[in-house]
Amino acid sequence: MAGISFLDEHRTWVLTGETSTYALRLGEDDVPVHVYWGPALPATAVVELIGKTLPWWDGFNDPGEGVDELAADGGTRYWTPALQVRFADGTRALEWRYESHHIAAGHLRLSFADRHYPLRITLHYRLRGDVLERWTELSAGTDVEVVRADSATWALPIFEDYRLSHVTGRWAAETRLQRGFAHHGETVFASRRGITGHHANPWVMVDDGTATERHGEVYGVALAWSGSWRLTTTRASTGRLTVSGGFGQDGVVHRVGPGRPLTTPVSAGLYTAGGFGAASRAWHAYVRAHVLPHPGELRPVLYNSWEATGFDVTEAGQLALAERAAALGVELFVMDDGWFGARTGDHAGLGDWHVNRSRFPDGLKPLVDAVHGLGMQFGIWVEPEMVNPDSDLYRAHPDWVLHHPHRRRSELQRQLVLNFARPDVAAWAHEWLDRLAGTADFLKWDMNRPFSEAGWPGEADQDRLWVDHTRAVYALLDRLRADHPGLRIESCAGGGGRIDLGVLARTDQVWTSDNTDALDRLRIQHGYGQLYPARAMSAWVTDNPNFVTARSIPLGFRFHVAMAGVLGLGGDIVQWSEDDLALARELVARYKNIRAVVQHGALYRLRPPVDDGVTAVQYVLADRAVVFAYRQSAHFNAPERPLRLDGLDPAAKYLDPDSGRTHSGAVLLAHGLPLDLPAGDFASVVIRLDRIKI
Ligand code: DGJ
């Protein structure tokens, strides 16, 4: 039965989700150690596993190797440290003393103290369906330096082999799925940039090398944090693999002391059977039910002006786009960069958040009113954490940016990073954002460069800015949302540089990538969707040739790719031909018909992105399914395989309301759906299937 039980005589806690169980216990020396993680087991069966640690037969290993719940440095522990402390007298080792536990509403708190020093450690475990959320809290009566404080260490079962899945990327090429066998020793996935990053994303999935899309056991660990982070997989010759991770920056120390506790972000762990597909669906269900602030909502179709206008923003130009957008069925009109200060290019004005009066002589109101009058919501672009050196803000407050007094201030994208850990900077940002949130229904919150010279002259504990900057951004987002309940927010960092479970808890969608090329997007969306749901995946249809890649792709294909997420339009629609406008109108309407299935349904990846062949995904929600199939290039007289579907009822019949054809669920699952893709390159279809009610 789902819930948490305590086996007193074994000093063991058993946490059972819908289909999985996790168990830990206290060792003789009070160290919390791992017992079990895997398919659901009754507590009575878990008891059989207790104390089955390896005999201590050599003098070079600790018998607890690799099973610590939070591998603490010191004594005979040589594993990758998850918790490393330095007490004032130079002592580095930690010795656990168990104090108490507390269980309430699926949340287990285990309280410990150090045996000698006034340091308290609380380990948190919270069940969210099958996802187990874990985090660590530290508090101290005297000053302690915490060199590393991971949220959790996750011990995997002993497998014959271990394979890791994760994503890598770069700007405009985010979330590329990688899958390969785990090296012995330590593999570190990390961001040292102060933001989540484009080059990696804070999650890893582990299987024994045999899992497929539809079969096999998959373990996943993800971190809810938008600053610097690291996840370390450790594979030892003794057979185990652990994943330990949390926030943190190499060389940066957390100073914990009286009145200065430290709470780590959540590390979420998930065990699933049923392959990578089932793992992703379980993660999506978790994000929709427990992470996103308004999970039940359907995200509107938006228009964004960036690719159409760049920095050449004018009231008349935005109005013309808004009129076109409304006529196409757009529900949310977003004006991007270039509306404020002297921001007529990327060289100036960032930080001066007052409307540019030469572009908007009467302020924003006429445009906002017009957009509302057209029946759309109004959204606006902001980049609160940044400043151009050529700005009034920087001239007035050069000390507000991250800097070291005797070091150059490295510019990237001609901008510097404001130190949001400073209360005066955070208060300034709140003041203007709060005002803007009174006008706009939606903010696109951008962040276009990583940290550098992350100093804070005059502050005794400069290291804290690495955590406190992110915390301040979170606090600001939380406050704006609380004060403006209708406000919705998109997270963006030069495309997908800030996508993680932490930011998803306080935003409504994410800008997946600055690359809107539909072909590249198939790969980006494939990687994104391993962990994150379509409900938050913003995807625009833009122009030919593409703004970033210069590739031209037919409009229908571009739409079909974007319709597999939260559809948006981002092209210069004023220039579109009548034919394109007519097709766009039709496809926006079609998207509205299927969007509940896409945004709230279960994702089945039927065929992964391939250069030569068909890529396909399917969404299923209750009695409805939608299939998206894409073929990049056609070869003459090449046979086309039927597409085997998933997630349907084999006993039911399904109607394709567009063709009028009916199919039996059993045939669609066992044999497949004939795709009848149109001839030529860049062919795509969207097929609806509705269960026929008998
Ligand atoms: C980067 C974003 O990812 C783009 O969509 C756009 O908003 C630009 N910044 C504007 O400067």
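**Q** What is the right way to read unusual backbone geometry from this model?
**A** Excluding glycine, most residues fall at negative phi; most peptide bonds, likewise, are trans. Here the residue pair N544 and P545 is connected by a cis peptide bond, since its omega of -15° sits within 30 degrees of zero. Here P545 is to be found in the loop between strand 30 (537–541) and helix 11 (555–562). Even without being a glycine, Q413 presents a positive backbone phi close to 55°. Here Q413 lies in the loop between helix 6 (392–396) and strand 26 (416–417). For Q413, a relative accessible area of 45% gives the class partly exposed.

**Q** What's the story with the domain arrangement of the chain in this structure? I'm lost.
**A** The figure often quoted for interface size is the accessible area lost as the parts come together. Each assigned domain of the chain is listed here: domain 1 (3–290), domain 2 (302–596) and domain 3 (607–691). Inter-centroid distance (C-alpha atoms) of domain 2 to domain 3 is 34 Å. For the pair domain 2 and domain 3, the summed buried area comes to about 1,700 Å², and 64% of that belongs to carbon and sulfur atoms. Three residues, F557, H560 and R590, lead the burial of domain 2 against domain 3; their summed loss comes to 32% of the area buried on that side. At the junction of domain 2 and domain 3, the tally comes to two salt bridges. Measuring nitrogen to oxygen at the nearest pair gives 3.1 Å for the salt bridge that ties D611 to R523. If you look at where domain 2 meets domain 3, you find eight residue pairs in polar contact (both at pLDDT 80 or more).

**Q** What is the right way to read the pattern of salt bridges from this model?
**A** Pairs can form between side chains of opposite charge whenever their charged atoms are close. Under the definition given, this model contains 48 salt bridges. As a salt-bridge pair, R230 and D250 come within 3.1 Å of each other at their nearest N and O atoms. One end of the pair, R230, is in strand 17 (residues 229–235); the other, D250, is in the loop between strand 18 (241–247) and strand 19 (254–256), with 20 residues separating them in the sequence. Assessed through its relative accessible area of 44%, D250 is described here as partly exposed. The shortest N-O distance in the salt bridge between D658 and R688 comes to 2.7 Å. Taken together, the residues D658 in the loop between strand 35 (653–655) and strand 36 (662–664) and R688 in strand 37 (residues 683–691) connect sequence positions 30 residues apart. Accessibility expressed as a relative area gives 14% for R688, which makes it buried.

**Q** Explain the environment of H469 to me, please; I cannot follow it from the model alone.
**A** Its place among the elements puts H469 in helix 8 (residues 465–483). We classify H469 as buried; its relative accessible area is 1%. Along the primary structure H469 and A200 are separated by 269 residues, whereas in three dimensions their C-alpha atoms are 20 Å apart. With residues up to four places along the chain from it excluded, the contact list for H469 reads E385, V417, L418, N419, F420, A421 and F451. Within the structure, H469 has its side chain in polar contact with the side chain of E385 (distance 2.9 Å).

**Q** Just checking my understanding: could you explain the nonpolar core for this structure?
**A** Buried together is how nonpolar side chains tend to be arranged in soluble globular proteins. Of all hydrophobic cores here, the largest spans 99 residues; its most connected members are W339, F559, L569 and F628. The greatest single-element share of this core, amounting to eight residues, is contributed by helix 12 (residues 578–600). Both domains that furnish three or more residues to this core are identified here as domain 2 (302–596) and domain 3 (607–691). Residue contacts for F559: discarding those within four places in its chain leaves V541, L567, L569, W576, A584, L587 and V588. Residues V31, L70, F159 and V243 belong to the second largest nonpolar core, which totals 62 residues.

**Q** Explain the pairing of strand 23 (residues 332–335) here, please?
**A** On a regular strand, one side chain projects to one face of the sheet and the next to the other, so that they alternate. Burial along strand 23 is two-sided: the face carrying L332 and V334 and the face carrying F333 and M335 are both buried. Two strands pair when backbone bridges link them, and strand 22 (residues 302–304) and strand 23 are joined in this way by three bridges, in the parallel orientation. The residue of strand 23 that forms the bridge with L302 is L332. Bridging between strand 23 and strand 24 (residues 377–382) involves four bridges; their strand directions are parallel. Paired with V334 across the strands is G379, a residue of strand 24.

**Q** Would you mind going over the packing of aromatic side chains with me for this structure?
**A** The description of two aromatic rings rests on the distance between their centres and on the angle between their planes. Inspection of the entire model under this criterion finds 33 aromatic pairs. Seen in terms of ring centroids, F87 and Y117 are 4.0 Å apart; in terms of plane orientation they differ by 10°. Their pairing is stacked. Residue F87 is found in strand 5 (residues 83–87), and its partner Y117 is found in the loop between strand 7 (107–114) and strand 8 (119–128); the two are separated by 30 residues along the sequence. Between W306 and F547, the aromatic rings sit 6.4 Å apart at their centres with planes inclined by 75°, giving edge-to-face as the arrangement.

**Q** Can you help me understand the sheet that holds strand 2 (residues 12–16) in this one?
**A** Sheet strands pair via backbone hydrogen bonds, and the direction of the pair is either parallel or antiparallel. One open sheet accounts for four strands, arranged 1-2-3-4; its pairing is antiparallel. The sheet is open, and its two edges are formed by strand 1 (3–7) and strand 4 (32–39), each paired on a single side. Between one strand axis and the next, the sheet turns through 15° on average, direction left out of account. With five bridges joining them, strand 2 and strand 3 (residues 20–26) adopt antiparallel strand pairing. Looking at the pairing, V14 lines up with A23 of strand 3.

Analysis parameters
- Residues numbered from 1 in each chain as written.
- Predicted model: local features only at pLDDT ≥ 70, side-chain atom pairs only at ≥ 80, totals over all residues.
- Heavy atoms only, no water.
- Helix = DSSP H or I, 4+ residues; strand = E, 2+ residues; numbered from the N terminus.
- Buried < 20%, exposed > 50% of the residue type's maximum accessible area, 1.4 Å probe, protein only.
- Domains from an automatic or database assignment.
- Buried area = accessible area lost by both parts, 1.4 Å probe.
- Salt bridge = Lys/Arg side-chain N within 4 Å of Asp/Glu carboxyl O.
- Polar contact = N/O pair within 3.5 Å; in protein donor to acceptor, adjacent residues only side chain to side chain.
- Contact = heavy atoms within 4.5 Å.
- Core = buried A, V, L, I, M, F, W, Y, C linked by side-chain atoms within 4.5 Å.
- Pairing = 2+ DSSP bridges.
- Phe/Tyr/Trp six-rings, centres within 6.5 Å; stacked < 30°, edge-to-face > 60°.
- Axes fitted to C-alpha atoms, helices over the stretch in contact; angles between N-to-C directions.

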